[in-house]
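# Structure assessment
What follows is each chain in one-letter form.
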Number of protein chains: 2
Amino acid sequence: MLKEKYSQYSFILDRTARRVKQYAQNSFLQGAFDLTIDQWSILKILYEEDAMTQKEIAEKSGKDQPTLTRIVDILIKKRLAQRVEHPEDRRCLHLKLTKEGKAKVEELSPAVKEIRMKAWENLSEDDFENFTRILNTIYNNLNQQS
Amino acid sequence: MLKEKYSQYSFILDRTARRVKQYAQNSFLQGAFDLTIDQWSILKILYEEDAMTQKEIAEKSGKDQPTLTRIVDILIKKRLAQRVEHPEDRRCLHLKLTKEGKAKVEELSPAVKEIRMKAWENLSEDDFENFTRILNTIYNNLNQQS
DNA sequence: TATCAATTATTAGTGTGACAACTAATTTCG
DNA sequence: CGAAATTAGTTGTCACACTAATAATTGATA
């Protein structure tokens, strides 16, 4: 295999991921959403399934627990979410959206979808399928266990 | 278009980019390379073309100038690179590798290529072509100017 | 030539990511 | 039962990304 050639995907992958994030963040700023991309991603997860523990959210979002703790702190400071005691396990905390949090998700969802779609101009349905398949294959190839 | 479906690529892209970086970083740690991935990427660029300004390196690496300043500070602290005055423009600084810096790149290059290849198990040459094409299309779709 | 605009690099501030170490609570098992 | 291991969450540290603001220098132009 031509290692020189293959080993350069990482640069393109990294810069594209950064640009996707940056583009969305700029759009958020212009729309005065008062949220970062990562804060939004956690809000979205909570909207789809309320009352999860932070551990569960961390797994679902692919973030580690310290990172999640900090994002949740910010969401709470913004009064978009709240921590609630777990009824059976005092180590855990259930997170729930506040009314404001739910309203925020409902208000912004359509705009966020539009922002996300921009990336797919000039690309086909096949491209989308291949792209997600390849990304997931790479993700699994580099799994911690292996 | 099914916006709901298409708008979820960003999560997969982000988490895969993070895992690629993390996998390489862990391999660097185990090999006691004493470098981060991003420090390595700058060293590599300097090895290929010595005596560039920070502005040029920033463009080539896809990093912004503040980020580059910090990474270069670290490389200099590690005695792998040095700043040299630009002969014609006193605003600029030429960066050059030290002997140690060049030796480091030569020493680690083969190992880094091996690490990078791991991601491509179970994937074909076509996948590689499609992957880079799609990434670059997305990157251009989200160009600042547009 | 004197001023103003553009360019290069830096600094400060905020947010995030990874890792290690820690607390508190719970579970396991001798 | 009680000590040890495990688990959930937090805090601290370092590195990086991005923005805005600044200093120093250069170039353009009136």
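Not measured: the values here are computed from a predicted model. (Residues numbered from 1 in each chain as written. Chains lettered and ligands numbered in written order. Predicted model: local features only at pLDDT ≥ 70, side-chain atom pairs only at ≥ 80, totals over all residues. Heavy atoms only, no water.)

### Some details on the nonpolar core
Which entries qualify depends on this criterion: To define a nonpolar core, start from buried Ala, Val, Leu, Ile, Met, Phe, Trp, Tyr and Cys residues and group those joined through side-chain atoms within 4.5 Å. Note on classification: 1.4 Å probe, protein chains only; a residue is buried when its accessible area is under 20% of the maximum for its type, exposed when over 50%, partly exposed between these limits. Note on conventions: DSSP H or I runs of at least 4 residues are helices, E runs of at least 2 residues are strands, and numbering of each starts at the N terminus.
Ranked by size, the top nonpolar core spans 32 residues in total, and within it Trp120(A), Phe131(A), Ile138(A), Trp120(B), Phe131(B) and Ile138(B) carry the most contacts. Those elements that place two or more of their residues in this core are helix H2 (9–30) and helix H7 (125–141) of chain A together with helix H2 (9–30) and helix H7 (125–141) of chain B.

### Points about the relation of the copies chain B and chain A
To keep it simple, the criterion reads: Residues below a pLDDT of 70 in either copy are left out; the C-alpha atoms of the rest, at least 70 in both, set the least-squares superposition of the copies. It only takes one pair of heavy atoms within 4.5 Å for two residues to be counted as in contact.
Least-squares fitting of chain B to chain A yields an RMSD of 0.1 Å, with the transformation described by 0.0 Å of translation along the axis and a rotation of 180 degrees. The superposition operator between the copies reduces to a two-fold rotation axis. The fraction of interface residues of chain B whose copies in chain A are also interface residues reaches 98%, indicating that both copies meet through the same surface.

### Description of the protein's contact with DNA strand C
Which entries qualify depends on this criterion: To be near a molecule or strand, a residue needs just one of its heavy atoms within 4 Å of it. N or O atoms closer than or at 3.5 Å make up a polar contact, with two conditions inside protein: a donor-capable atom paired with an acceptor-capable one, and, for residues adjacent in sequence, both atoms drawn from side chains.
DNA strand C sits among 27 residues. The nearest are Thr36(A), Thr67(A), Asn26(B), Gln54(B) and Lys55(B). Within the contact set of DNA strand C, a phosphate oxygen lies 3.4 Å away from a side-chain nitrogen or oxygen of Asp38(A). Contacts to DNA strand C include Gln54(B), whose side-chain N or O atom sits 2.6 Å from a phosphate oxygen. Among the elements of the structure, helix H3 (37–48) and helix H5 (65–77) of chain A together with H2, helix H4 (54–61) and helix H5 (65–77) of chain B are those that each provide at least two residues to the surface near DNA strand C. It is H5(A) that contributes the most residues to the surface near DNA strand C, 5 residues altogether.

### Concerning the protein's contact with DNA strand D
Note the threshold: Under the scheme applied here, ten amino acids are nonpolar (Ala, Val, Leu, Ile, Met, Phe, Trp, Tyr, Cys and Pro), four are charged (Asp, Glu, Lys and Arg), and all others, including Gly, are polar.
Around DNA strand D lies a shell of 27 residues, among which Gln54(A), Lys55(A), Arg70(A), Thr36(B) and Thr67(B) are the nearest. Asn26(A) places a side-chain nitrogen or oxygen 3.1 Å from a phosphate oxygen of DNA strand D. The separation between a base nitrogen of DNA strand D and a polar side-chain atom of Gln65(A) is 3.4 Å. Breaking the surface near DNA strand D down by element, the ones donating at least two residues are H2, helix H4 (54–61) and H5 of chain A together with helix H3 (37–48) and H5 of chain B. No other element matches H5(B), which puts 5 residues into the surface near DNA strand D. Residue composition of the surface near DNA strand D, grouped by class: 6 nonpolar, 9 polar and 12 charged.

### Some words on the sheet that holds strand S2 (residues 81–85) of chain B
By definition, the strands of a sheet pair up through backbone hydrogen bonds, in either a parallel or an antiparallel sense. Residue and element names in this part refer to chain B. Convention followed: By this definition, two strands are paired if DSSP reports at least two bridges between them. Here an axis means a line fitted to C-alpha atoms, over the contact stretch when the element is a helix, while the angle between two N-to-C directions is reported on a 0 to 180 degree scale.
One open sheet holds the 3 strands; their spatial order is S1-S3-S2, and the pairing between them is antiparallel. Where the open sheet ends on each side, the last strands, each with one partner, are strand S1 (52–53) and S2. One ladder, built from 5 bridges, connects S2 with strand S3 (residues 93–97); its direction is antiparallel. The residue bridging Gln82 from the neighbouring strand is Lys96, located in S3. Running at roughly 110 degrees to S2, H5 makes contact with S2 and S3 of the sheet.

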